[in-house]
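Chains, contacts and geometry: an overview
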Amino acid sequence: MLQRGNGFPTESLNSSGWKGHRETIQSHPAARAGAPGAGGTGTCPGHICVLKDAFMYESPAEIADLTSTDKFDAALAIHLYKGGRLLQGSRIPFGIIFGGTDVNEDVRCEEKRRVMGAVLEEARFAVAFTVEMKELAAAEWPEARKKIYVQTQGIKTTPSETFDWYRFLEHADWHRKDPSVHLGIIGPAVDPLFTGEVKEKVKRAPGVHLLQELPQDDLHAAMKRCFAVVNSSISEGMSAAILEAMDLEVPVLARNIPGNAAIIKHKETGLLFSNPQEFVVLSKSLMNDPTMEKEIITRAKDYMKKHHSWESERKTYQNLVLRLQ
């Protein structure tokens, strides 16, 4: 949320899966927009950004109480349904950042589609990570086309220099004596039911390990020690994990879905698979072909520099925040 006083504060409502991106958004305008020598627009007085997890709230009334009590002036919600639904009828102006599952999956539910349409009508602006995502949203809500902006995610990786990889493997219960390939699944347990299912399957899958959530700099350090990063999502807006891997010069193997195919060119900036068998074949080819590995890493890094500039993203959100004044 945005508050006035020492600046122009904003609140960001997000679903738990967007922790990295919401913190990136938070870091852009705060203490930079309008600050002397900070590269701001000169017209933005700066703001304080307060992060709130959408899962902590159940209704727009709770958010209305929050914005009134803490005197927020504007809000930015990540995910049109999960975050946006809480801003319906909001007394303060707000913007929306599409998540991916909102326009890919939630539109199939008529009630969610109705709610998202109403939220989008109230929003000052909306941000899509790709042109394809914008077109999907515009096809559902044509009247909103002019307020939808395209801005790819900007990535800035900061791998820890003190991260102890070998100690991490011990705590992760890796079979260090087994020379075969291992798959590590790292992240928070957002959905308890799904997490339970995963844990049960992992118990029956030698070489697959479910690991604890890590601080971002430690996660980046762990990623750099891996041979490849795997994205097996069945729905994505724009995967920050894929972009971070590219920036860290780690090859990516990802499921061939629109969100992933929008940022990975098969066998050029990464590898796309459609089924488990293809995943195994591509993984082995990557392991056995160091020349292909090096070329993929080089092209992916070049792609990141050209299309996912952290500075470019910062400027876009600074300008969009002005629309909330």
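Attention in this report is confined to the structure presented alongside it. Everything quoted here is computed from the prediction, not taken from an experiment. (Residues numbered from 1 in each chain as written. Predicted model: local features only at pLDDT ≥ 70, side-chain atom pairs only at ≥ 80, totals over all residues. Heavy atoms only, no water.)

**A few points about the nonpolar core**
Selection criterion: What makes a nonpolar core is a set of buried Ala, Val, Leu, Ile, Met, Phe, Trp, Tyr and Cys residues whose side-chain atoms join them at distances within 4.5 Å. Relative accessibility decides the category of a residue: with a 1.4 Å probe and only protein chains considered, values under 20% of the type maximum give buried, values over 50% give exposed, and everything between is partly exposed. To qualify as a helix, a DSSP run of H or I must reach at least 4 residues; to qualify as a strand, a run of E must reach at least 2; elements of each kind are numbered from the N terminus. Working rule for contacts: check all heavy atoms of both residues, and any pair within 4.5 Å makes them a contact.
One finds Leu-80, Ile-96, Phe-98, Trp-141, Leu-243, Met-246 and Ile-264 to be the most contacted residues of the largest nonpolar core, which totals 56 residues. The biggest single contributor to this core is strand S4 (residues 72–78), with six residues. Apart from the residues within four sequence positions on either side, Ile-96 is in contact with Leu-76, Ala-77, Leu-80, Gly-84, Val-119, Ala-123, Phe-125, Ala-126 and Val-127. Among the nonpolar cores identified, the runner-up in size contains eight residues, and Phe-273, Leu-286, Met-292 and Ile-296 belong to it.

**Some points on unusual backbone geometry**
If you check the backbone angles, His-79 has positive phi at about 95 degrees while not being a glycine. Among the secondary structure elements, His-79 is positioned in the loop between S4 and strand S5 (94–97). Classification of His-79 as buried rests on a relative accessible area of 0%. Its identity is not glycine, yet Glu-249 carries a phi of approximately 65 degrees, on the positive side. Residue classification places Glu-249 among the partly exposed positions, given a relative accessible area of 45%.

**Structural notes on helix H4 (residues 110–122)**
Short version of the rule: One less than the residue count of a helix, multiplied by 1.5 Å, gives the span that helix is expected to have.
Helix length check: H4 (13 residues) gives 19 Å between terminal C-alpha atoms against 18 Å at 1.5 Å per residue, within 8%. Turning to H4, its buried residues number three or more, namely Val-115, Met-116, Gly-117, Val-119 and Leu-120. Where H4 is buried, its residues touch S5, helix H3 (101–104) and strand S6 (125–128).

**Here we look at the packing of aromatic side chains**
Applicable threshold: Planes of paired rings set the category: under 30 degrees apart is stacked, over 60 is edge-to-face and the rest tilted, where pairs are Phe, Tyr or Trp rings (Trp by its six-membered ring) whose centres lie within 6.5 Å. Ring-over charges, as used throughout, are those where CZ of Arg or NZ of Lys falls within 6 Å of the ring centre and within 35 degrees of the ring normal.
Summed over the entire model, instances satisfying the criterion amount to one aromatic pair. The positively charged end of Arg-85 is found above the aromatic ring belonging to Tyr-81, 5.9 Å away from the centroid. Directly above the aromatic system of Trp-310 lies the positively charged group of Lys-156, at a separation of 4.6 Å from the ring centroid.

**Quick word on the packing of helix H8 (residues 216–224) against helix H9 (residues 240–247)**
For the record, the criterion: The axes are straight lines fitted to the C-alpha atoms, using for helices just the contacting stretch, and the angles between their N-to-C directions are given from 0 to 180°. Each angle receives one of four descriptions, namely roughly parallel if under 35 degrees, roughly antiparallel if over 145, roughly perpendicular if within 65 to 115, and oblique otherwise. Here a crossing is called left-handed whenever its near helix is offset anticlockwise from the far helix by less than a right angle, and right-handed whenever the offset is clockwise. Any residue that is not Ala, Val, Leu, Ile, Met, Phe, Trp, Tyr, Cys, Pro, Asp, Glu, Lys or Arg is counted as polar, Gly included; the first ten are nonpolar and the last four charged.
Between H8 and H9, whose axes approach to 10 Å, the crossing angle comes to 60 degrees. When the interaxial angle is binned, H8 and H9 end up oblique. When the axes of H8 and H9 are compared, the crossing they make is right-handed. Contacts between H8 and H9 involve Gln-216, His-220 and Met-223 from the first element and Ala-241, Glu-244 and Ala-245 from the second. By residue class, the composition of the contact of H8 with H9 is three nonpolar, two polar and one charged.

**Some thoughts on the environment of Leu-286**
Here Leu-286 is to be found in helix H11 (residues 276–288). Looking at Leu-286, the relative accessible area reads 1%, which means it is buried. Taking the C-alpha atoms as reference, Leu-286 lies 8.8 Å from Leu-271; in sequence the two are 15 residues apart. Among residues more than four places away in sequence, those in contact with Leu-286 are Phe-227, Ala-228, Pro-251, Leu-253, Leu-271, Met-292, Glu-293 and Ile-296.

**Some thoughts on helix H2 (residues 60–69)**
Quick reminder of the rule: The directions considered for the arc are those from the helix axis to the C-beta atoms.
For H2, the full list of buried residues reads Ile-63, Leu-66 and Thr-67. Down the axis, H2 shows its buried residues gathered within 95 degrees of arc, on one side only. Seen from the buried face of H2, the exposed residues on the opposite side, beyond 90 degrees, are Asp-65 and Thr-69. Positive backbone phi, at 55 degrees, marks Lys-71, one or two positions downstream of H2.

These figures come from the coordinates and say nothing about function on their own.
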